[in-house]
Amino acid sequence: MSTFLSTLLQALLPAVCPVCTETDGVNICEHCIRQLPAIEQSCPACAAPLPEYGATCHCCSGMGFPGISELLCHWHYSGTMKLLIHNAKRRGKTAAIRTGCQLLTRTLPEKIPADAIVVIPPSTPQADKLHLGTELGRAIARLTQIPLIQPLQLTHRPHPQHQLSEQDRKKNMNTIFQCSKTVPRRILLVDDILTTGTSLIAGARALRQQGSKNISGICLARTIRYNERSYVDNDTKNP
Ligand SMILES: [Zn+2]
Ligand SMILES: [Zn+2]
């Protein structure tokens with residue numbers, strides 16, 4: 001179904017919460033908002049949960065991801081947030097994409113030290129549906145008036161990551177992007193979900209080759225690895 005047609009159909013159908021799809025309303029319902037798995041204290045470098053403000057990050061020891069100066073991410077990829085992202089990405093629901101954009105822009109800091117916004121491109125063609133990451137980038141650009149540019153392109157279709165060892169995953173992703181033109185010095189790099197960080201690292205590497213010196217990252221949600229989970233409150237431990 002074309003993006004236009006599915007958008008039109010969704011607009012004509014009765015408005016329901018894009019997460020639980022039960023409650024009337026055009027936006028995420030209050031119940032679902034309360035269930036969102038927030039990361040309360042996070043490492044400024046990698047956005048992993050911290051046991052308390054100022055604690056040393058057990059995930060990155062404060063080093064963050066190579067080439068990324070800081071990472072903003074307010075939600076754990078589990079429970080209600082996982083459902084929202086599933087509805088946005090897999091089912092292409094425009095209401096879910098819009099809600100994701102609203103949630104992300106609500107958490108933006110007042111000042112973003114960036115000259116341009118760049119989105120990590122989708123790893124598979126998105127011919128007939130909106131791409132969540134791109135819509136997040138557009139929403140940030142609209143709010144901040146920082147221009148959205150799209151200089152990153154895939155160099156090859158990535159092999160399915162789950163079939164690869166940790167080392168091969170890195171190799172697979174290392175040269176996955178190329179940057180087609182000279183880019184500004186300060187970039188805000190946007191992705192929908194952060195899992196291992198390899199997409200952000202590869203995107204930052206390509207941007208640096210074309211002139212970027214300071215790259216910060218922002219994601220809607222982040223997976224939390226086993227050794228990070230002790231910092232997540234009990235409500236989010238069993239998504
Ligand atoms: Zn709901
Ligand atoms: Zn960290």
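For the structure, see preceding data.
Here is a short report on the structure shown in this document. Everything numeric here is computed off the predicted structure, so don't read it as measured data. (Residues numbered from 1 in each chain as written. Chains lettered and ligands numbered in written order. Predicted model: local features only at pLDDT ≥ 70, side-chain atom pairs only at ≥ 80, totals over all residues.)

## Describing the environment of glutamate 110
Note the following rule: To qualify as a helix, a DSSP run of H or I must reach at least 4 residues; to qualify as a strand, a run of E must reach at least 2; elements of each kind are numbered from the N terminus.
Assignment of secondary structure puts glutamate 110 in the loop between helix 4 (94-106) and strand 3 (116-119). For glutamate 110 and threonine 144, which are 34 residues apart along the polypeptide, the C-alpha to C-alpha distance reads 9.0 Å.

## Here's the deal with unusual backbone geometry
This is how the line gets drawn: Whether a residue is buried, exposed or partly exposed follows from its count of other C-beta atoms within 10 Å of its own C-beta, namely 20 or more, 12 or fewer, or something in between, respectively; the C-beta atoms are built from the backbone.
For serine 61, which is not glycine, the phi dihedral falls at a positive 55 degrees. By the element assignment, serine 61 lies in the loop between helix 2 (30-35) and strand 1 (71-72). Accessibility expressed as a C-beta count within 10 Å gives 11 for serine 61, which makes it exposed. Look at glutamine 145: it is not a glycine, yet its phi comes out positive at around 65 degrees. Structurally, the position occupied by glutamine 145 is in the loop between helix 5 (132-144) and strand 4 (148-149). Classification of glutamine 145 by C-beta neighbours within 10 Å gives exposed; the count is 6.

## Notes on the nonpolar core
Selection rule: We call a set of buried Ala, Val, Leu, Ile, Met, Phe, Trp, Tyr and Cys residues a nonpolar core when their C-beta atoms link them within 7 Å. Any pair of residues counts as being in contact when their C-beta atoms, constructed from backbone geometry, are within 7 Å of one another.
Counting 59 residues, the largest nonpolar core has Cys73, Ile187, Leu189 and Val190 as its most contacted members. Taken together, the elements giving at least two residues each to this core come down to helix 3 (79-89), helix 4, strand 3, helix 5, strand 7 (186-194), helix 7 (198-209) and strand 8 (214-222). Setting aside its immediate chain neighbours within four residues, leucine 189 contacts Val118, Ile120, Leu200, Gly203, Ala204, Ile215 and Gly217.

## So, the environment of glutamine 209
Summarising the element assignment, glutamine 209 is placed in helix 7. Each C-alpha atom, one on glutamine 209 and one on threonine 182, is 8.6 Å from the other, the two residues being 27 residues apart in sequence.

## Notes on the pairing of strand 3
What counts is decided by this rule: A strand pair is defined by DSSP finding two or more bridges across the two strands. A crossover gets the label right-handed when its path from the first strand over the helix to the second runs clockwise, viewed with the strands pointing away from the viewer.
The side-chain alternation of strand 3 yields two buried faces, one formed by Ala116 and Val118 and the other by Ile117 and Val119. Two elements, strand 3 and strand 7, share four bridges in a ladder whose sense is parallel. Bridge assignment links isoleucine 117 to a residue of strand 7, and that residue is leucine 188. Where strand 3 meets strand 4, two bridges bridge the pair, whose relative direction is parallel. By the bridge assignment for strand 4, valine 118 is matched with isoleucine 149. Handedness of the crossover joining strand 3 and strand 4 through helix 5 is recorded here as right-handed.

## Some details on the packing of helix 3 against helix 4
Selection rule: The angle between two axes is taken between their N-to-C directions and runs from 0 to 180 degrees, where each axis is a line fitted to C-alpha atoms and a helix contributes only its stretch in contact. Orientation is classified from the angle alone, with under 35 degrees giving roughly parallel, over 145 giving roughly antiparallel, 65 to 115 giving roughly perpendicular, and any other angle giving oblique. For any pair of crossing helices, the crossing counts as left-handed if the nearer helix is rotated counterclockwise from the farther one by less than a right angle, and right-handed if it is rotated clockwise. Any residue that is not Ala, Val, Leu, Ile, Met, Phe, Trp, Tyr, Cys, Pro, Asp, Glu, Lys or Arg is counted as polar, Gly included; the first ten are nonpolar and the last four charged.
Contact pair helix 3 / helix 4: the axes reach a minimum separation of 7 Å and the direction vectors enclose 130 degrees. Considering the angle they form, helix 3 stands oblique to helix 4. Here helix 3 runs over helix 4; the crossing is left-handed. Contacts between helix 3 and helix 4 involve Leu84, Ile85, Asn87 and Ala88 from the former and Ala96, Ile97, Thr99 and Gly100 from the latter. Residues belonging to the contact of helix 3 with helix 4 are distributed by class as follows: five nonpolar, three polar and no charged.

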